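Here is what each chain is made of, one letter per residue.
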Amino acid sequence: MVGSVYEEKDAHSWVTPEGMLNDQYITNREPLYKGMNGRYVERFTVPTGGRYIFKPLTNSAQHGRERWMYERVMSVLPPFYPQLIAASDLTIAPAQSWMIYEDLGQLVHDSQEATMLGAAAHMAAWHALPVTDWSELPRVGQKPSIRTMLDELQMQKQSTVDLLARLDMQLSASDWDKIARLILTAEEQLPTVLCHGDLHPGNMAEVDGRLVILDWEHAHLNTPLWDVYHLVDLSHPLFPRTVTPALRERVMDVYLDKLGSLGVQIERVLFTGWYDAYAIVFSLWMLRLIDSDLRSEGCVWPKEQLRSQWHETAATLEQCMKHMREE
């Protein structure tokens, strides 16, 4: 899943041995975003006029993951991802590693219903893949597991109670028992699947009417609920959206219908109940994280955007708590 031999040969001259774009061989460069380690993903142009995306390793914990995905997984999926043109040698140090992708042009990141429904169908396709040959993939993504989140919330019970009180909400002891039981049952009964791991709105884009899924470096093995929560309810400071119970149900329907067409049958009522518990825990954990960011002077996100993210996450929490109690 790499570019032509000609492109790949040229691509290695576009990058220095230190893993930086080589200004001697490119005519223009445009920073797109800054990674966790301070390195930039950039669009660049070469003398022939060709444009590409340069992606150095932006998170050392994910070294080699995205390349592994392209070499082992992407070729069996429909082409809803950018083509990989070239990559650094696997033996190179993480700080010097890089990948070069085709430039898809102007990306439109939105959370329109059509985008979410399209992503749900694509997601079912990769969730339906057998994972028996991919045991080297980790079972935890860039955030703690759902059980770890649940343990943290219960171990810091008073701060969780205080957080809920700020929202005029509360969870009784029986509610917590039900949530824990649902999560445990979900993990026992749902299949282990390949998860994208970070399917927020910034990693989905429309390109000339085509939906593409970006940034596979957080791929890991998990229950399907991880990806479903990210697609439907994970808020992001840069990509505000409004999710209603009706929209959530429509996305679930498309996802489960597509899974069924691929031979994976999951009972719908059970799945939505498991999702409610999962979303309650994940949303509470996210609210605590956003609170921490709001208190931090060094946070990269503007406070106004964080407050919007906080309210979106609180709305998810309220809706899923209400739905769980109605079941």
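Before reading further, recall that the structure is shown in the block above.
Owing to the predicted nature of the structure, the values given are computational and were not obtained by experimental measurement.

How each quantity is defined
- Residues numbered from 1 in each chain as written.
- Predicted model: local features only at pLDDT ≥ 70, side-chain atom pairs only at ≥ 80, totals over all residues.
- Heavy atoms only, no water.
- Helix = DSSP H or I, 4+ residues; strand = E, 2+ residues; numbered from the N terminus.
- Rg over C-alpha atoms; globule rule 2.2 N^0.38 Å.
- Areas by Shrake-Rupley, 256 points an atom, 1.4 Å probe, with all protein chains shown as cover.
- Lys, Arg positive; Asp, Glu negative; His and termini not counted.
- Charge placed at Lys NZ, Arg CZ, Asp CG, Glu CD.
- 1 Å grid on protein atoms, 1.4 Å probe; cavity = no way out; pocket = protein on both sides within 12 Å on 5 of 7 lines; lining within 4 Å.
- Points joined across faces, edges and corners; volume = space filled by probe spheres on them.
- Nonpolar A, V, L, I, M, F, W, Y, C, P; charged D, E, K, R; others polar.
- Salt bridge = Lys/Arg side-chain N within 4 Å of Asp/Glu carboxyl O.
- Buried < 20%, exposed > 50% of the residue type's maximum accessible area, 1.4 Å probe, protein only.
- Axes fitted to C-alpha atoms, helices over the stretch in contact; angles between N-to-C directions.
- Parallel < 35°, antiparallel > 145°, perpendicular 65-115°, else oblique.
- Left-handed = near helix turned anticlockwise from the far one by under 90°.
- Contact = heavy atoms within 4.5 Å.
- Core = buried A, V, L, I, M, F, W, Y, C linked by side-chain atoms within 4.5 Å.
- Phe/Tyr/Trp six-rings, centres within 6.5 Å; stacked < 30°, edge-to-face > 60°.
- Pairing = 2+ DSSP bridges.

J.: What should I look at first to understand the overall build of the protein in this one?
T.: In terms of regular secondary structure, the protein is built from 10 helices and 9 strands. Computed over C-alpha atoms, the radius of gyration of the protein comes to 21 Å, within 12% of the 20 Å expected from 2.2 N^0.38 for 327 residues, which places it in the range of a compact globule. Seen along its three principal axes, the alpha-carbon backbone of the protein occupies a region of about 65 × 50 × 35 Å. Surface accessibility of the protein: about 15500 Å² in total, with carbon and sulfur atoms responsible for 53%. If the 29 positive side-chain charges of the protein are averaged to one point and the 44 negative ones to another, these points end up 3 Å apart.

J.: I tried to follow the layout of surface pockets on my own but got confused; where do I start?
T.: Rolled over the atoms, a probe as big as a water molecule pinpoints where empty space is left. Taken as a whole, the largest pocket holds about 1600 Å³ of empty space. Taken together, 49 residues make up the lining of the largest pocket; nearest its centre are Tyr33, Asp198, His200, His236 and Trp301. Looking at the lining of the largest pocket, the elements with two or more residues in it are β1 (28-34), β2 (40-45), β3 (51-56), α2 (65-72), β5 (98-102) and α9 (268-295). Taken together, the residues of the lining of the second largest pocket sort by class into 5 nonpolar, 3 polar and 8 charged.

J.: Help me understand the pattern of salt bridges, please; the structure alone is not making it clear to me.
T.: Side chains that differ in charge, positive against negative, can pair when their charged atoms come close. Scanning the entire structure with this criterion turns up 18 salt bridges. With a shortest N-O distance of 2.7 Å, Glu113 and Arg250 are connected by a salt bridge. Here the residue Glu113 occupies a position in helix α3 (residues 113-127), and Arg250 occupies one in helix α8 (residues 245-261), the gap between them amounting to 137 residues. We classify Glu113 as partly exposed; its relative accessible area is 31%.

J.: How should the packing of helix α7 (residues 224-232) against α8 be read in this particular structure?
T.: Relative placement of two packed helices is described by the angle separating their axes and the distance separating the axes. Two elements in contact, α7 and α8, have axes whose closest approach is 11 Å; the angle formed by their N-to-C orientations is 140 degrees. On the basis of the axis angle, α7 is oblique to α8. When the axes of α7 and α8 are compared, the crossing they make is right-handed. Between α7 and α8, the residues in contact are Pro224, Val228, Leu231 and Val232 and Arg248, Val251, Met252 and Tyr255, respectively. Considered class by class, the residues forming the contact of α7 with α8 number 7 nonpolar, no polar and 1 charged.

J.: Whenever I open this one, the nonpolar core confuses me. Can you help?
T.: Nonpolar side chains tend to gather and get buried jointly when the protein is soluble and globular. By size, the foremost hydrophobic cluster in this structure holds 86 residues, and its most contacted members are Trp126, Ile179 and Leu194. Examining the composition of this core, we find that 14 residues originate from one element, α9, more than from any other. Apart from the residues lying within four places of it in its own chain, the contact partners of Trp126 are Leu77, Phe80, Leu194, Cys195, His196, Leu199, Ile213, Trp216 and Asp227. Of all hydrophobic cores here, the second largest spans 13 residues; its members include Ile26, Phe44, Val46 and Ala86.

J.: What am I meant to see in the packing of α3 against α8 here?
T.: Closest axis-to-axis distance for the α3/α8 pair is 8 Å, and the angle between their directions is 30 degrees. Once α3 is placed against α8, the crossing between them reads as right-handed. In this structure, α3 uses Glu113, Met116, Leu117, Ala120, Ala121, Met123, Ala124 and His127 to contact α8, whose residues at the interface are Leu247, Arg250, Val251, Val254, Tyr255, Lys258 and Leu259.

J.: Mind showing me how you'd approach the packing of aromatic side chains here?
T.: A ring pair, where both rings are aromatic, is described by two values, the distance of the centres and the angle of the planes. A full pass over the atoms with the stated rule returns 15 aromatic pairs. With a centroid separation of 5.7 Å and an interplanar angle of 45 degrees, the aromatic rings of Phe80 and Trp126 are classed as tilted. With Phe80 in the loop between α2 and β4 (84-87) and Trp126 in helix α3, the pair connects residues that are 46 residues apart, well separated along the chain. Relative accessible area serves as the criterion here: at 1%, Phe80 is assigned to the buried category. For Trp126, a relative accessible area of 0% corresponds to the buried category.

J.: Got a minute to help me understand the side chain of Asp227 in this structure?
T.: Structurally, the position occupied by Asp227 is in helix α7. For Asp227, the residues in contact, after removing those within four places along its chain, are Met123, Trp126, His127, Leu194, Cys195, His196, Gly197 and Leu199.

J.: Before we go on, may I ask you to explain the pairing of β2 in this structure?
T.: Within a regular strand, side chains alternate between the sheet's two faces. By the criterion of burial, β2 is predominantly enclosed, with 5 of the 6 residues buried. As paired elements, β1 and β2 share 6 bridges and run antiparallel to each other. In the sheet register, Glu30 faces β2, and the bridge partner there is Arg43. As consecutive antiparallel partners, β1 and β2 are separated by 5 residues, and within that stretch Gly38 has a phi angle of approximately 90 degrees, a positive value. Across 4 bridges, the pairing between β2 and β3 is antiparallel. Its bridge partner being in β3, Thr45 is matched across the sheet by Arg51. Following β2, the chain reverses through 5 residues before pairing antiparallel with β3; Gly49 in that reversal takes a positive phi of roughly 100 degrees.

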